[in-house]
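An overview of the molecular structure
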Amino acid sequence: MLFSPLTMKRMCGQLLWHKAAARFGTLAREGLILQSTSNNVYENLAVEDWIHDHMDLEQKNVLFLWRNSPSVVIGRHQNPWKECNLHLMRERGIGLARRRSGGGTVYHDLGNINLTFLTSKKKYDRMENLHLVIRALKTLQPYLDVQATKRYDLLLDGKYKISGTAAKLGRTIAYHHCTLLCSADSSLLPLVLQSPYDGIQSNATPSVPSVVKNLSQVYSSLTCEAVMDSVAKEYSFQFDNKPNVYVVDPGDETLFPGITQKKNELCNWDWIYGKTPKFDVQKTFQILYKDTVVNVNINMAIKNGYIESCSLGLPSDWLSEQQCNELQNSLVGSKYCPSEIVFLVTTLLRTYPDDKDILIKWNMICEKLVSIM
Ligand SMILES: Nc1ncnc2c1ncn2[C@@H]1O[C@H](COP(=O)(O)OC(=O)CCCC[C@@H]2CCSS2)[C@@H](O)[C@H]1O
């Protein structure tokens, strides 16, 4: 049974969620299933945080079901420049999010389901959750060959990844979240998860690439809706409940007081890019200028997403030492981000309003810098 957001609100009245949660207690003994109305990755990740921070998970287990518009979700300790094609993502309007759990990078769209199992730390059991998902899939297609691996992936036919897992363990509570590929864009997925940027030295967590497959490629009946329904039923059986799914709007502050702030934290540049572990970039470019090839060596250290140091190696008869230093110095302290660099160089160029030569040269270097961000 599905409860609409309006019914939910009526049920909750003006009560804060924890009071509402107590009320759910009479409806769902131990397991509560929530399904998001939003396809916004930041809003949905904020719901996970909210439940984690506000609900009494000693008394109750929660399953949160959600789907996102096209987006890439990196792990807490990853480097987005190493993990994905940010240029392609900007071009296609594909969002980038950093989650609070560790692990690798995955692609989401409406053909991918996300399942978050929230429990007390004592009850946290990823394998049990994955077996629940397998049972749900087998209820729909008994001959489906799906297995969980030691690293908590789900493999189809022994080789195709259909689900990836990550987790966050708190002091007393924990959550395990996983993806499930039903009908995602399988041609776009490997393209966005292929970084075109080389010359990055970093200790960030690397992803473990696999060959993926959509469930609906094997059985067209395995749609997101059918799979979510089946998972919800299986979850409810576990708790001997009726399969009630509460549809929730993550933008609803009356239901989730304080959630907007959580969402704002998650979509902030300083969280998404700024939490990248410190890294270095070493790159050599060739610039063609008036029929001669000029080598440009770039060395940068990036800390908290900002350029901490920058050295540009250029022939001094091409760009004077002073102009090279000016450019270097203006880059230090800037975000490692294309729009910021373009803005900076444009501003710096105003100090040389009549110098066409410097305009061309700085712009050429700027273009190269932007190509690696
Ligand atoms: N949506 C999706 N599902 C399954 N596998 C995927 C997906 N997207 C990419 N991949 C494949 O997994 C590897 C990365 O594997 P790796 O093992 O490195 O990372 C993961 O699996 C992380 C899973 C995180 C799940 C969270 C749940 C809610 S928010 S995100 C990638 O290179 C692709 O080959």
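These figures come from a predicted structure and were not determined experimentally. (Residues numbered from 1 in each chain as written. Predicted model: local features only at pLDDT ≥ 70, side-chain atom pairs only at ≥ 80, totals over all residues.)

Considerations on the overall build of the protein chain
Our working definition: Secondary structure elements are taken from DSSP: a helix is a run of H or I of four residues or more, a strand is a run of E of two residues or more, and numbering for both begins at the N terminus. Counting other C-beta atoms within 10 Å of a residue's C-beta gives its exposure: the residue is buried at 20 or more, exposed at 12 or fewer, and partly exposed in between, where C-beta atoms are placed from the backbone. A pair of residues counts as a contact when their C-beta atoms, built from backbone coordinates, are separated by no more than 7 Å.
Within the protein chain, the regular secondary structure consists of 14 helices and 17 strands. Seen along its three principal axes, the alpha-carbon backbone of the protein chain occupies a region of about 80 × 50 × 35 Å. Every one of the 373 residues in the protein chain was classed for burial, and the buried ones make up 38%. In the protein chain, the proportion of contacts linking residues at least 24 apart, taken out of those at least 6 apart, comes to 74%.

Side note on the environment of L110
Here L110 lies in the loop between β6 (106-108) and β7 (112-120). L110 sits in the partly exposed class, given 15 other C-beta atoms within 10 Å. Expressed as a C-alpha distance, the spacing of L110 and C224, which sit 114 residues apart in the sequence, is 8.2 Å.

Some points on the packing of helix α3 (residues 41-54) against helix α10 (residues 259-266)
Keep this limit in mind: Here, axes are lines fitted to C-alpha atoms. For helices the fit covers the stretch in contact, and angles between N-to-C directions go from 0 to 180 degrees. Note on terminology: angles under 35 degrees are roughly parallel, angles over 145 are roughly antiparallel, angles of 65 to 115 are roughly perpendicular, and the others are oblique. Should the near helix be turned anticlockwise from the far one by less than a right angle, the crossing is left-handed, and should it be turned clockwise, the crossing is right-handed. Nonpolar residues are Ala, Val, Leu, Ile, Met, Phe, Trp, Tyr, Cys and Pro. Charged residues are Asp, Glu, Lys and Arg, and all others, Gly as well, are polar.
Their axes nearest at 8 Å, the elements α3 and α10 cross at an angle of 120°. As judged from the angle between their axes, α3 and α10 are oblique. The way α3 lies across α10 gives a crossing that is right-handed. Here α3 contributes Y42, E43, L45, A46, D49 and W50 to the contact with α10, which in turn contributes I259, K262, K263 and L266. Partitioned by chemical class, the residues of the contact of α3 with α10 number six nonpolar, no polar and four charged.

A short note on the domain arrangement of the protein chain
Applicable threshold: As annotated, the domain borders come from an automatic or database domain assignment.
By domain assignment, the protein chain separates into domain 1 (2-272) and domain 2 (279-371). One C-alpha centre belongs to domain 1, the other to domain 2; they are set 41 Å apart. Across the boundary between the two partners, domain 1 contributes eight residues, which contact seven residues of domain 2. Going through the elements one at a time, β13 (200-202) and α11 (269-272) are the ones with two or more residues in the side of domain 1 that touches domain 2. The leading source of residues in the side of domain 1 that touches domain 2 is β13, at three residues.

Quick notes on the nonpolar core
Basically, it comes down to this: By our criterion, buried Ala, Val, Leu, Ile, Met, Phe, Trp, Tyr and Cys residues that link up through C-beta atoms within 7 Å make up a nonpolar core.
Core analysis: the largest hydrophobic core is formed by 67 residues, its most contacted members being I33, F64, L115, L180 and V227. Here this core gets seven residues from one element, more than from any other, and that element is α3. Apart from residues lying up to four places away in sequence, I33 is in contact with L63, L65, A232, Y235, S236, N244, V245 and Y246. Among the nonpolar cores identified, the runner-up in size contains 20 residues, and V296, L314, V345 and C366 belong to it.

Regarding the site of the ligand
How we decide: Any residue qualifies as near a molecule or strand once its backbone-derived C-beta atom lies within 6 Å of it.
The environment of the ligand is made up of 26 residues, and the closest members are G104, V106, G164, T179 and S207. Those elements that provide at least two residues to the shell around the ligand are β6, β7, β10 (160-163), β11 (165-169) and β12 (173-181). A per-element tally of the shell around the ligand places β12 first, with four residues.

Overview of the sheet that holds strand β5 (residues 95-98)
Put simply, the test is: Should DSSP find at least two bridges between two strands, the strands are taken to pair.
Spatial ordering of the open sheet is given by β5-β4-β6, a layout of three strands whose pairing is mixed. Edge positions in the sheet fall to β5 and β6, since each has one partner strand and no second. Taken over all neighbouring pairs, the strand axes of this sheet differ in orientation by 25° on average, direction set aside. For strand β4 (residues 71-74) and β5, the ladder comprises four bridges, and the chain directions are parallel.

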